[in-house]
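Fold and geometry: a report
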Amino acid sequence: MAASDCIGLEDLAASPEITLVIRHIAHVARDLSKRIARGPLEGHGATLGENSDGDTQKALDLIADEAFAAALTGSPVRWYASEEREDVAALNPAGALALAIDPLDGSSNIDVNVSIGTIFSILPAASDPLASFLRPGTDQLAAGYVIYGPQTALVLTVGKGTSLHVLDPETGRFELVTAQLEIPAASSEFAINVSNYRHWGAPVRAYIDDCLAGDTGPRAKNFNMRWIASLVAETHRIVSRGGIFLYPADARPGYERGRLRHVYECAPIALLIEQAGGAATDGCDRILDRVPQSLHERTPFVFGTADKVHRVAAYHDLPHEEVAALFGRRGLFRQ
Ligand SMILES: O=P(O)(O)OC[C@H]1O[C@](O)(COP(=O)(O)O)[C@@H](O)[C@@H]1O
Ligand SMILES: [Mg+2]
Ligand SMILES: [Mg+2]
């Protein structure tokens with residue numbers, strides 16, 4: 001099947017160049033989902049080495065990166081930036097677009113048959129490769145992720161809402177399921193890697209303490225916790241049923257700015273989340289307003305239902321005595 005047939009994007013109202021790039025991504029994702037579904041039969045879970053950021057690289061990380069770069073060569077993508085490559089690659093000197101991609105997100109989950117994904121961001125190409133990516137997330141022309149789970153789905157925005165397309169394995173086509181996703185407001189779920197509790201700063205500890213205190217604490221209600229360690233899977237849960245995700249900065253060496261990468265993880269997820277009615281910050285400030293200084297730069301990341309995300313920011317503004325207070329005594333958020 002040709003790339004042009006694997007997803008119908010006629011109603012997207014995007015430029016022909018952007019539509020073409022999304023079709024190429026969907027086409028590669030469709031093939032990748034088959035390889036991922038074969039799991040150990042493909043033998044791609046093996047660890048190969050480390051990428052420029054010191055993260056473990058699996059065979060499938062590199063296969064995915066090469067498949068996306070190959071499919072987009074000669075497309076309107078001029079510059080290609082990937083988690084798996086230290087530098088920006090030049091794909092087409094005449095292209096008007098720049099693509100940033102995490103070809104396989106959550107790849108530590110490949111071996112254990114848990115959902116993984118692909119995250120991408122489409123920007124206008126500048127003449128300088130780095131300048132194409134080191135700009136605010138509000139400059140993104142489109143963003144999306146593919147989740148490879150029980151279903152393979154593409155969640156997409158071109159800045160006019162966020163849509164959900166599910167791959168029909170029978171036909172090999174992504175079909176539109178929801179034209180406008182709305183993050184549900186009512187959810188009591190939070191997602192954070194609590195094993196890092198002792199390394200967090202006081203505001204994040206205070207926020208999580210108050211969630212854990214449940215109906216005996218200042219929030220006066222019980223919460224549920226999730227942690228899949230796969231950003232795409234966490235995002236998909238939040239766009240489906242609400243809640244909040246936090247990967248804050250912490251005191252471990254190398255985690256001074258959290259773990260997740262701004263350009264090809266946080267900026268595209270932030271755009272998708274805002275376009276679905278949610279909010280995304282670095283704990284305090286809006287992610288989409290940040291201008292990254294380098295391609296693989298990390299940022300603390302908090303996103304989800306807007307009022308929850310704004311509440312986290314409010315904990316950062318609390319006076320020291322309030323943040324440091326035992327949860328039972330913290331008065332400001334008592335309901
Ligand atoms: O192992 P930790 O510290 O909980 O981090 C998990 C996070 O790291 C990631 O796996 C990073 O993505 P990659 O797998 O692309 O490096 C996220 O998907 C996930 O949210
Ligand atoms: Mg990732
Ligand atoms: Mg990755």
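Scoring rules and cut-offs
- Residues numbered from 1 in each chain as written.
- Chains lettered and ligands numbered in written order.
- Predicted model: local features only at pLDDT ≥ 70, side-chain atom pairs only at ≥ 80, totals over all residues.
- Heavy atoms only, no water.
- UniProt positions renumbered as here; feature names shortened; annotations may be inferred.
- Near = heavy atom within 4 Å.
- Polar contact = N/O pair within 3.5 Å; in protein donor to acceptor, adjacent residues only side chain to side chain.
- Nonpolar A, V, L, I, M, F, W, Y, C, P; charged D, E, K, R; others polar.
- Domains from an automatic or database assignment.
- Core = buried A, V, L, I, M, F, W, Y, C linked by side-chain atoms within 4.5 Å.
- Buried < 20%, exposed > 50% of the residue type's maximum accessible area, 1.4 Å probe, protein only.
- Helix = DSSP H or I, 4+ residues; strand = E, 2+ residues; numbered from the N terminus.
- Contact = heavy atoms within 4.5 Å.
- Phe/Tyr/Trp six-rings, centres within 6.5 Å; stacked < 30°, edge-to-face > 60°.
- Donors = N, O, S within 2.8 Å, 3.2 Å for Na, K, Ca; no water.
- Axes fitted to C-alpha atoms, helices over the stretch in contact; angles between N-to-C directions.
- Parallel < 35°, antiparallel > 145°, perpendicular 65-115°, else oblique.
- Left-handed = near helix turned anticlockwise from the far one by under 90°.

An unreviewed UniProt entry lists the protein chain under the name Fructose-1,6-bisphosphatase class 1, from Paracoccus niistensis. For the record of the protein chain, the UniProt heading Catalytic activity (unreviewed entry) holds the text "beta-D-fructose 1,6-bisphosphate + H2O = beta-D-fructose 6-phosphate + phosphate". In UniProt, the protein chain has this text filed under Subunit (unreviewed entry): "Homotetramer."

Now for the site of ligand 1. Close contacts around ligand 1 come from 17 residues, with G106, N193, L231, Y247 and R259 the closest. One of the side-chain nitrogen or oxygen atoms of N193 is found 2.8 Å away from an oxygen atom of ligand 1. At 3.2 Å, a side-chain N or O of E265 approaches an oxygen atom of ligand 1. A breakdown of the residues in the shell around ligand 1 according to their chemical character gives 6 nonpolar, 4 polar and 7 charged. Residue assignment places the shell around ligand 1 across two domains, with domain 1 (3-178) and domain 2 (189-329) each supplying three or more.

The biggest cluster of nonpolar side chains holds 38 residues, and the ones touching the most others in it are I22, F68, Y80, L99, I122 and Y148. The element best represented in this core is helix α1 (residues 16-38), accounting for 9 residues. Setting aside chain neighbours within four positions, we find L99 in contact with V21, I25, L72, V77, W79, Y80, A81, F120, S121, I122 and F133. Counting residues in each nonpolar core, the second largest holds 32 residues, with A153, L181, I183 and V232 among its members.

Tallying each qualifying case throughout the model produces 7 aromatic pairs. Measuring from centroid to centroid gives 4.9 Å for F301 and F303, while their planes differ by 40 degrees, and the two rings are tilted. Residue F301 is classed as buried on the basis of its relative accessible area, which comes to 0%. By relative accessible area, F303 is classed as buried at 0%.

Let us now look at the coordination of the magnesium ion (ligand 2). Note on the magnesium ion (ligand 2): its protein donors are D102 (OD), D105 (OD) and E265 (OE). The metal-donor distances range over 1.8 to 2.1 Å. Positions of the donor residues of the magnesium ion (ligand 2) along the chain correspond to the pattern D-x2-D-x159-E. For the pair the magnesium ion (ligand 2) and the magnesium ion (ligand 3), the metal-to-metal distance amounts to 3.6 Å, and D102 bridges them. Remark: E265 occurs in helix α6 (residues 262-275) and D105 occurs in strand β5 (residues 97-105); sequence separation between them is 160 residues. For D105, a relative accessible area of 5% translates into the label buried. Since its relative accessible area comes to 1%, E265 is described here as buried.

It is worth spelling out the coordination of the magnesium ion (ligand 3) at this point. Geometry sets the ideal angles at a metal, namely 109.5 degrees for four tetrahedral donors and 90 or 180 degrees for six octahedral donors. Coordination of the magnesium ion (ligand 3) by the protein involves E83 (OE), D102 (OD) and L104 (O), with metal-donor separations of 2.0 to 2.2 Å. The exposure class assigned to D102 is buried, which follows from its relative accessible area of 0%. A relative accessible area of 2% places L104 in the buried class.

Turning next to the UniProt feature "binding site: Mg(2+) 1" (unreviewed entry) in the protein chain. The sites that UniProt annotates as "binding site: Mg(2+) 1" (unreviewed entry) are E83, D102 and L104. What stands out for the annotated residues spanning 22 residues is how close their C-alpha atoms remain, the widest pair being 8.8 Å apart. Assignment of secondary structure puts E83 in the loop between β3 (77-82) and β4 (89-90). What makes E83 buried here is its relative accessible area of 6%. By the element assignment, D102 lies in strand β5. Non-local contacts of D102, meaning those with residues more than four positions away in its chain, are made with E83, G117, T118, I119, Y264 and E265.

In this section: the packing of α1 against helix α2 (residues 59-72). Relative orientation of the contacting elements α1 and α2 amounts to 150 degrees, with a least axis distance of 10 Å. Compared by their axis directions, α1 and α2 come out roughly antiparallel. Every pair of crossing elements has a handedness; the one defined by α1 and α2 is right-handed. Taking contact as the criterion, the partners of V21, H24, I25, V28, A29, L32, R35 and I36 in α1 are, on α2, L60, I63, A64, A67, F68, A71 and L72.

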